[in-house]
Amino acid sequence: MLALGASAASAQDAPSGEFTREDIELRDILIAAQETLLNIYRCQFGIDILAVRGGCAFGLPTLGMSQPAEFVGTPTLEDIEVRDRLVAVQESLLNTYRCRFDFEIDTHITPEGCPGQAGSQPDLSLDLEPMVLPGDFDGDLPPGLITPNGVSVAVAGLTDGGFAVWTPCGTVSKVSAGLPLQGIRVVVDPGHGGSYDIGAVGPNGLAERDLNLTLSYAVLNELSSRGIPAASTRTGHYGSPLSVRAAFADALGAEALVSIHHNAPTSSIGPEPGTEVFVQSVSAQQARADSARLGGLLHQEITEALSGFDNISWSRTNDAGVLRVLLPSGGDAYGMIRQPAVPTALIEYGYLSNPSEAALFATDEYIRVAAKATANAIEAYLNTDRSGTESNQQPRVFDPAPAPSSCNEVALE
Ligand SMILES: [Zn+2]
């Protein structure tokens, strides 16, 4: 990530009354550099992209660096003041982006720090006592652990004085102790996460990464209150590749994996929720029965619950429902559907890009209702043979962009 080294030029540095072209040019160079960095942030994080002249390609501004405008005429105090105001506004916007999108990069150059940054990590509300130590195990190790920092990981084995565990980035690391994840029946997967993978962003600034995490916590709490042991692939503001999330659910021997997402871009507006639930295939022609039943129950419970909210302009596509999405070559298109061996469904609850839905998704009531509906479906999947909404006959064919591969390691203890 780039950091803007130069500090803002100031009109006070110039002799009063007399201004040179150089005073103007220095400011215009700074303004162009700030604009370049703003555009890089916009393209990297998918926010305010319409403000990027020429648009974005591959996460960068298509037109490259902004060039300073050429100045003609005699510089006046007003010319200087206009530029200094713009420098200040752009600096403040840069800091807003840094604080909103990046808890790890460039925030150190934000002068006042970021408001609420310390509180941005949700409370784990997990009882980390009693932690277990490697010496507590004679034979079988637990398949997973919550580390002392609250990160959920799969256990790879024992190592000198600790547990060898798979980090969220997919490398092997050591922790000295942890809360065992044993007998887990359900794994919840809050989609996206970390600096490199924000997901959709609502017009109200709500980031999908954060909304998915909040809702996942609510689902975990709901399952725990029903006595269903559950764990999460991601417990905080960090990224994790899909392969690690899938391997975590498989390692824990879960009976169901439910991936939580919110959709974009907005489709046509109507009176019904456009909830989409993606399920697994056994072949290009056939859905996997257990995954289709899990997805059907989730779709039924969630659409029924969301329909209870009044005055929402929902967004939906024509084929919204329980769906398979296939690559042109035939396999399941989404990695989070294709990779896990455990029966999996991926839910797009609604459209975060749609202002009416984004406002709803920011409420505690939405989190409560959506979590309850999700837990109802999971409980029915585990304890009954109900099947819910029928899968669409016609699969979608789509070749999605690869998920971001960059990953920052997070401290485990
Ligand atoms: Zn998503």
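Please refer to the structure placed before this passage.
These figures come from a predicted structure and were not determined experimentally. (Residues numbered from 1 in each chain as written. Predicted model: local features only at pLDDT ≥ 70, side-chain atom pairs only at ≥ 80, totals over all residues.)

(A) Spatial organisation of the overall build of the protein chain. Counting its secondary structure elements, the protein chain contains eight helices and 17 strands. Here the protein chain, with 413 residues, has 42% of them falling under the buried criterion. Residue pairs at least 24 apart in sequence account for 75% of intrachain contacts in the protein chain once pairs closer than 6 positions are excluded. (Helix = DSSP H or I, 4+ residues; strand = E, 2+ residues; numbered from the N terminus. Buried ≥ 20, exposed ≤ 12 C-beta atoms within 10 Å, placed from the backbone. Contact = placed C-beta atoms within 7 Å.)

(B) Main features of helix α3 (residues 208-225). The terminal C-alpha atoms of α3 lie 26 Å apart, and with 18 residues this matches the ideal 26 Å at 1.5 Å per residue to within 8%. Gly 227 lies just past α3 and shows a positive phi near 75°. (Expected span 1.5 Å × (residues − 1).)

(C) Fine view of the pairing of strand β16 (residues 344-351). With respect to burial, β16 is a largely interior element, eight of its eight residues being buried. Of the strand pairs in this sheet, strand β10 (residues 256-263) and β16 are connected by six bridges, and their pairing is parallel. Across the sheet, the residue bridging to Ser 259 is Leu 346, located in β16. Pairing between strand β12 (residues 276-279) and β16: four bridges, direction antiparallel. For Val 277, the partnering residue across the bridge sits in β16 and is Ile 347. (Pairing = 2+ DSSP bridges.)

(D) Inspection of the nonpolar core at higher detail. In this structure, Val 186, Val 187 and Val 258 are the most contacted members of the largest nonpolar core, which totals 85 residues. With nine residues, the top contributor of residues to this core is helix α8 (residues 364-383). When residues are assigned to domains, this core turns out to be shared by domain 1 (11-109) and domain 2 (183-397), each giving three or more. When near neighbours in sequence (up to four residues on either side) are disregarded, Val 187 contacts Ala 230, Ala 231, Thr 233, Phe 248, Ala 249, Leu 252, Ala 254 and Leu 257. (Core = buried A, V, L, I, M, F, W, Y, C linked by C-beta atoms within 7 Å. Domains from an automatic or database assignment.)

(E) Structural detail: the sheet that holds strand β4 (residues 152-159). If you walk across this open sheet you meet the five strands as β6-β5-β4-β3-β7, and the pairing is antiparallel. The open sheet terminates on both sides in strands that have one partner only, identified here as β6 (172-175) and β7 (179-181). Pairwise comparison of adjacent strand axes, ignoring direction, gives a mean angle of 45° for this sheet. Two strands pair when backbone bridges link them, and β4 and strand β5 (residues 162-166) are joined in this way by five bridges, in the antiparallel orientation. Its bridge partner being in β5, Ala 154 is matched across the sheet by Trp 166. (Axes fitted to C-alpha atoms, helices over the stretch in contact; angles between N-to-C directions.)

(F) Representation of unusual backbone geometry. Put simply, Ala 264 and Pro 265 share a cis peptide bond, and its omega is -5°. By the secondary structure assignment, Pro 265 is in the loop between β10 and β11 (268-270). We note that His 192 has phi near 65°; this positive angle belongs to a residue other than glycine. Examined against the element boundaries, His 192 turns out to sit in the loop between β8 (186-190) and α3.

(G) Broad picture of the pairing of β8. Here β8 lies mainly inside the structure; five of its five residues are buried. Where burial is concerned, the two faces of β8 agree: the one with Val 186, Val 188 and Pro 190 and the one with Val 187 and Asp 189 are both buried. Here three bridges tie β8 to strand β9 (residues 230-232), and the two strands are oriented parallel to one another. Bridge pairing links Val 188 to Ser 232 in β9. For the crossover from β8 across α3 to β9, the handedness is right-handed. Both β8 and β10 contribute to a ladder of five bridges, which runs parallel. Bridge pairing links Val 186 to Ala 256 in β10. (Right-handed = clockwise from strand over helix to strand, strands pointing away.)

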